[in-house]
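Listed below, chain by chain, are the residues.
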Amino acid sequence: MKKESTPVHTQSVRKPMLELLTNGTWARSPIWLMRQAGRYLPEYRAVRAQTRDFLDLCYSPDKAVEVTLQPLRRYDLDAAILFADILLVPHALGQGLRFAEGEGPRLDKITQAADLAKLSVEGLMDRLEPVIETVRRLSVALPPHITLIGFAGAPWTVATYMVAGQGTDDQAPARLMAYAQPDLFQKLIDLLVEATASYLLAQVAAGAEVIQIFDTWAGSLPEKEFTRLVIEPTKRLVALLKAKAPDVPIIGFPRGAGTRALDYAQATGIQGLSFDAQAQLPTMAQVSDHGIAVQGNIDPLVLVSGGIALDQAVDDLMAAMRGRRHIVNLGHGIVPQTPPDHVAQLIARVRAFQA
Ligand code: CP3
């Protein structure tokens, strides 16, 4: 009798990142890096040089697809993250936004009810349609073992930029508004919960397989405000996503949450928790003992350094996370001065643990 061979198209291709987050088994330790597409790559700077500004890059599907794929051509990564920015949501709500060269984002500040009244979810998804088109194209273009990550900023972190009009060291304008004008601030948070849910569900419909919620400034709040402004809105956002897309894993990144990390993960209902570089490895292990996948947490500056310090950081991390549901990542985004070779060194060192 003729021996049958399995046709190529029915062979299942393993997606380590998605499998780790869903059924708990995985072919190898998945790795991806926050800001894996960006200025540290010369090929990114070349595409960026052809665009009018950073927003133009985010809203041009051809170019956004290209820069999303660039790090995957260089490195053996397990995931691609949509190229976009957390500030596209306020922009699509109608808030003025520009990225001044070498200065970071500048938004029209929200200081009073009249400023908030100008913003609306009407037309939100029309303005964000080019980003959704980027997701559609990526879901077709990506190799089958690569997981496609969609993302948005958490309501609190996005609100800090909307109120201050720019990045700040201490998020003082938003923290102050949350105390002095609580009703106004809550309306802003509510608007962001609604808009962000629509945006993320559209990313999922277009092919995003995992969602990450970036709460970069979660660590700047006292205990009560952390519950009210970080946990509660994220919990509502997660519930809106789970109602329509119950199977899509969500990773939260409450940077600086410290001892509140487990509390955040359990209260919000996320499947994965991304840790900053300050988090202790036993804390990560403890959170993973509660059935939550953990991600992180190499210091972006040890990646700049490279050498023995980088090897040692990888070895310590891998030893502490051995046998656990762990996604290798940095504790925050890659910084522009990172030598691209050091990223290759990091990945090779991680892969050595699975040999
Ligand atoms: O990770 C990726 O590769 C995907 C793309 C991505 C960008 N921003 C591209 C970007 C993601 C996931 C983000 C998230 C983001 N954006 C966050 C949360 C994560 C974090 O880093 O804390 C925040 C706070 C922002 C807001 C933002 N965007 C700031 C403050 C700045 C200016 C500072 C800087 O790094 O330039 C940006 C610009 C930005 N977003 C760039 C990139 C590649 C650089 C812009 C350029 O090319 O000129």
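Everything that follows concerns the structure shown earlier in this document.
Residues numbered from 1 in each chain as written. Predicted model: local features only at pLDDT ≥ 70, side-chain atom pairs only at ≥ 80, totals over all residues. Heavy atoms only, no water.

(A) Fine view of the site of the ligand. Of all residues adjacent to the ligand, which total 22 residues, the nearest are Arg35, Arg39, Tyr44, Asp85 and His332. Between the ligand and Asp85, the relevant distance is 2.6 Å, taken from a nitrogen atom to a side-chain nitrogen or oxygen of the residue. A distance of 2.7 Å separates an oxygen atom of the ligand from a polar atom in the side chain of His332. Every element with two or more residues in the shell around the ligand is listed here: helix 2 (42-49) and strand 3 (104-107). (Near = heavy atom within 4 Å. Polar contact = N/O pair within 3.5 Å; in protein donor to acceptor, adjacent residues only side chain to side chain. Helix = DSSP H or I, 4+ residues; strand = E, 2+ residues; numbered from the N terminus.)

(B) The pattern of salt bridges, seen in detail. Evaluation of the coordinates by the stated rule reveals 20 salt bridges. The shortest N-O distance in the salt bridge between Asp263 and Arg260 comes to 2.8 Å. Judged by relative accessible area, which is 15%, Arg260 ranks as buried. For the salt bridge of Asp289 with Arg324, the shortest nitrogen-to-oxygen distance reads 2.8 Å. With Asp289 in helix 14 (residues 281-289) and Arg324 in the loop between helix 16 (307-321) and strand 9 (326-330), this pair connects stretches of sequence that are 35 residues apart. (Salt bridge = Lys/Arg side-chain N within 4 Å of Asp/Glu carboxyl O. Buried < 20%, exposed > 50% of the residue type's maximum accessible area, 1.4 Å probe, protein only.)

(C) Structural detail: the sheet that holds strand 4 (residues 147-153). In spatial order, the strands read 1-4-5-6-7-8-9; together these seven strands make up an open sheet with parallel pairing. Taken across any chain shown, the strands that pair with only one partner, and hence form the sheet edges, are strand 1 (79-81) and strand 9. Averaged over neighbouring strand pairs, the angle between their axes works out to 25 degrees when direction is ignored. Here strand 7 (residues 272-274) pairs with strand 8 (residues 293-298) via three bridges, running parallel. Bridge assignment links Leu273 to a residue of strand 8, and that residue is Val294. Contacts from helix 16 reach strand 8 and strand 9 within the one sheet, and its direction differs from that of strand 8 by about 160 degrees. (Pairing = 2+ DSSP bridges. Axes fitted to C-alpha atoms, helices over the stretch in contact; angles between N-to-C directions. Contact = heavy atoms within 4.5 Å.)

(D) View of the nonpolar core. In this structure, Met17, Phe185, Leu188, Tyr199, Leu273 and Leu346 are the most contacted members of the largest nonpolar core, which totals 128 residues. For this core, the element with the most residues is helix 11 (residues 182-206), which contributes 14 residues. Excluding its chain neighbours within four sequence positions, the residues that come into contact with Phe185 are Trp156, Ala159, Val163, Ala174, Met177, Ala178 and Leu229. (Core = buried A, V, L, I, M, F, W, Y, C linked by side-chain atoms within 4.5 Å.)

(E) Representation of the environment of Thr216. Inspection of the secondary structure puts Thr216 in the loop between strand 5 (210-215) and helix 12 (223-244). Distance in space between the C-alpha atoms of Thr216 and Ala46 is 28 Å, their sequence separation being 170 residues. Apart from the residues within four sequence positions on either side, Thr216 is in contact with Thr157, Phe253, Arg255 and His332.

(F) Structural view of the packing of aromatic side chains. Applying the stated criterion across every chain, the model contains six aromatic pairs. The interplanar angle of 50 degrees and the centroid separation of 5.7 Å between the aromatic rings of Tyr44 and Phe83 together place this pair among those described as tilted. Of this pair, Tyr44 sits in helix 2 while Phe83 sits in the loop between strand 1 and helix 5 (88-93), placing them 39 residues apart in sequence. Since its relative accessible area comes to 8%, Phe83 is described here as buried. Ring geometry for Phe151 and Phe214: centres 5.5 Å apart, planes at 85 degrees, overall edge-to-face. A residue pair is termed long-range when its members are at least 10 positions apart, and Phe151 in strand 4 and Phe214 in strand 5 qualify at 63 residues. Among the residues examined, Phe151 registers a relative accessible area of 6% and is labelled buried. Taking relative accessible area as the criterion, Phe214 reaches 13% and is therefore assigned buried. (Phe/Tyr/Trp six-rings, centres within 6.5 Å; stacked < 30°, edge-to-face > 60°.)

(G) Structural detail: the pairing of strand 8. Among the six residues that make up strand 8, six are buried, leaving the element largely enclosed by the rest of the structure. Between the parallel elements strand 7 and strand 8, the chain passes through helix 14 in a crossover that is right-handed. Sheet topology note: the strand 8/strand 9 ladder contains five bridges and is parallel. Residue pairing across strands places Asn297 opposite Asn329, the latter belonging to strand 9. (Right-handed = clockwise from strand over helix to strand, strands pointing away.)

(H) Just the pairing of strand 9, in detail. Burial within strand 9 is extensive, with five of its five residues counted as buried. Residues His326, Val328 and Leu330 line one face of strand 9 and the alternating positions Ile327 and Asn329 line the opposite face, and both faces are buried.

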